[in-house]
Amino acid sequence: MASIDTTARPHTATEPPTKYSAPLPEYKVSSFGPVVDVALRVILFATALVAVIVMVTSKQTKLIPVAPGIAIPKDAKFNHSPAFVYFVAALSVACLYSIVTGALSGLALKKPGGCSTKLQLHFVIFDALLLGIVAAATGAAGGVAYIGLKGNSHVRWNKICHTYGSYCFHFATSILLSLVSSITLLLLVWLSAYVLSKKIARR
C-alpha cells in the first residue's frame with residue numbers, strides 16, 4: 001500500500017499586486033536644479049562684474065568751447081550722477097552675492113538631495129530682494145542715460161551724447177548688461193520657487 005505523504009508544505013501563495021504597490025517616482029532635485037542654479041549665478045557674476053567695470057571706466061575728457069577761440073577741458077565721469085553711483089553700488093552687491101550663493105549652490109551639487117529646503121527658501125527671499133535692487137538701479141541709470149541721449153527741452157537739460165560719445169557708449173553697454181543681470185535674477189527666483197515647491201510637495 002502506497003504511503004501518503006502528509007508533510008505540511010510551506011504556503012507559497014503570492015499576494016495579488018495592488019494598484020498602488022509600485023513606489024511613485026520621486027522628483028530628483030539633484031538632477032538639474034543645482035546645475036542650472038550654478039550656471040545662472042555664474043552668468044549673474046559675469047554680467048554684474050563687466051557692467052561695473054565698464055561703468056567705472058567710462059571717463060571721457062572733451063574740449064568744450066566757452067567763447068570764440070576759447071575751449072576748456074571738461075570731464076564726464078560716472079560719479080557725476082548719483083544714479084550711476086547707485087548703479088555701481090547695486091551691481092557690486094550683486095557681484096558679491098553671486099559669488100557667495102554660487103559657492104553654496106555648487107556645494108549642493110555634491111549632496112544627494114541638492115539644496116536643503118531652508119537654503120532654498122533663503123535663495124528665493126534674497127534673490128527677489130536683489131532683483132528689486134538691481135532692477136531699480138537699472139531703471140534709474142536708464143533714465144539718466146535717456147536724458148544724456150535725448151535731453152529734455154522742457155527743463156532745458158541738454159543732451160551730451162553727441163559730444164561725449166565714448167562715455168555714452170560705456171554706460172549704455174553697462175545698462176544693457178545690468179538688464180541681463182536683472183533677467184538672470186528673475187530666472188533664479190522662478191527656479192528657486194519651483195524647486196522649493198517640489199520639495200514641499202514631496203513631504
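As the structure is a prediction and not an experimental result, all values here were calculated from the model.

Chemist: What is the right way to read the layout of surface pockets from this model?
Modeler: Gaps left between atoms show up when a probe the size of a water molecule is rolled over them. Approximately 310 Å³ is the volume found for the largest pocket. Along its surface, the largest pocket is lined by 16 residues, and Ala-76, His-80, Ser-81, Ile-160 and Tyr-167 are the ones closest to its centre. The set of elements that each furnish at least two residues to the lining of the largest pocket consists of β2 (70-76), α3 (117-150) and α4 (165-201). Residue contributions to the lining of the largest pocket peak at 4 residues, all from α3. Grouping the constituent residues of the lining of the largest pocket by class yields 9 nonpolar, 4 polar and 3 charged.

Chemist: Sorry, what's going on with the packing of aromatic side chains here?
Modeler: Aromatic ring pairs are defined here through the distance separating the ring centres and the angle between the ring planes. Scanning the entire structure with this criterion turns up 2 aromatic pairs. Consider the rings of Phe-84 and Phe-171, whose centres lie 5.2 Å apart with planes at 40°: the pair is tilted. Separated by 87 residues along the polypeptide, Phe-84 in helix α2 (residues 82-108) and Phe-171 in helix α4 bring together distant segments of the chain. Residues Phe-84 and Phe-171 agree in their burial class; the two are buried. Ring centres of Tyr-167 and Phe-171 lie 5.2 Å apart, and the angle between their planes is 80°; on these two criteria the pair is classed as edge-to-face. In this pair, Tyr-167 and Phe-171 are both assigned in helix α4, 4 residues apart and thus about one turn of the helix distant.

Conventions we followed
- Residues numbered from 1 in each chain as written.
- Predicted model: local features only at pLDDT ≥ 70, side-chain atom pairs only at ≥ 80, totals over all residues.
- Heavy atoms only, no water.
- 1 Å grid on protein atoms, 1.4 Å probe; cavity = no way out; pocket = protein on both sides within 12 Å on 5 of 7 lines; lining within 4 Å.
- Points joined across faces, edges and corners; volume = space filled by probe spheres on them.
- Helix = DSSP H or I, 4+ residues; strand = E, 2+ residues; numbered from the N terminus.
- Nonpolar A, V, L, I, M, F, W, Y, C, P; charged D, E, K, R; others polar.
- Phe/Tyr/Trp six-rings, centres within 6.5 Å; stacked < 30°, edge-to-face > 60°.
- Buried < 20%, exposed > 50% of the residue type's maximum accessible area, 1.4 Å probe, protein only.

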